[in-house]
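Here is how the chains run, residue by residue.
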Amino acid sequence: MFALTSEEGGIAVRLARDALEKSLQGEEFTLPPLPRIFSEKRGVFVTLTRDGSLRGCIGLPYPVMPLAEGIVHAALSAALEDPRFPHLQAAELPQVRVEVTVLTAPEPLACLPEERAGHVEVGRHGLILADHDRRGLLLPQVATEYGWDAEEFLDHTCIKAGLSPGCWKRADVEVATFEGQIFHEEGA
């Protein structure tokens, strides 16, 4: 799986912004011609912030659709389906900053449960934690933004899944890592 260039990252962010603008203004959005990498299946998240605060963040952790379609899906979902926030309004768009995180495929941590913290690289890895029907995901940039170490990052992923901190030490809890390339709008 190849990394996106900075130019392709800029295209990804513009694609998310264009999809939001057209859709929130009630216009039809169609995908423009894009570089070949946008037809590869990739995991992707779109994060929306306003005045430095989270305004929506949703994505696809697994590579289930072509990147271009995933970006559009994640952008619209972050704006309209994040249950933590009211629907984004078209009038808010000028104050919203768009960030796109393109993911590598998640890989299970291959170590003993009590050794997991030693295999998580803060700033590099994102986490997916699963216990039966409960799942939590945190992007790589979250631990850095909050200044967490690996154990705190794992604990907060447990909490995001609706589980108790420290559950990552249990053998029946699955933990996977992934990496993400982060692209965001400049000056927003």
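Presented here is an overview of the structure given in this document.

Rules of the game
Residues numbered from 1 in each chain as written. Predicted model: local features only at pLDDT ≥ 70, side-chain atom pairs only at ≥ 80, totals over all residues. Heavy atoms only, no water. Helix = DSSP H or I, 4+ residues; strand = E, 2+ residues; numbered from the N terminus. Rg over C-alpha atoms; globule rule 2.2 N^0.38 Å. Salt bridge = Lys/Arg side-chain N within 4 Å of Asp/Glu carboxyl O. Buried < 20%, exposed > 50% of the residue type's maximum accessible area, 1.4 Å probe, protein only. Pairing = 2+ DSSP bridges.

Regarding its fold elements, the chain presents four helices and seven strands. Listed by position from the N terminus, the elements making up the chain come as α-β-β-α-β-β-β-β-α-α-β. A compact globule built from 188 residues should have a C-alpha radius of gyration of about 16 Å, and the chain, at 17 Å, falls within 12% of that. Once the C-alpha set of the chain is aligned to its principal axes, its extents read approximately 50 × 35 × 30 Å.

A complete count under the given rule lists ten salt bridges for this structure. Ionic pairing is found between Arg50 and Glu92, a salt bridge with its closest N-O pair at 3.0 Å. Of this pair, Arg50 sits in strand E1 (residues 43-50) while Glu92 sits in the loop between helix H2 (67-80) and strand E3 (96-103), placing them 42 residues apart in sequence. In this structure, Arg124 and Glu179 form a salt bridge, with 2.8 Å as the shortest nitrogen-oxygen distance. You can see Arg124 sitting in the loop between strand E4 (107-108) and strand E5 (125-131) and its partner Glu179 sitting in strand E7 (residues 174-184), a full 55 residues away along the chain. Arg124 gets classed as partly exposed once you look at its relative accessible area, which sits at 39%.

Taken together, the five bridges between E5 and strand E6 (residues 134-138) define a ladder with antiparallel strand orientation. Along E6, the bridge assignment pairs Asp131 with Arg134. As consecutive antiparallel partners, E5 and E6 are separated by two residues, and within that stretch His132 has a phi angle of approximately 60°, a positive value.

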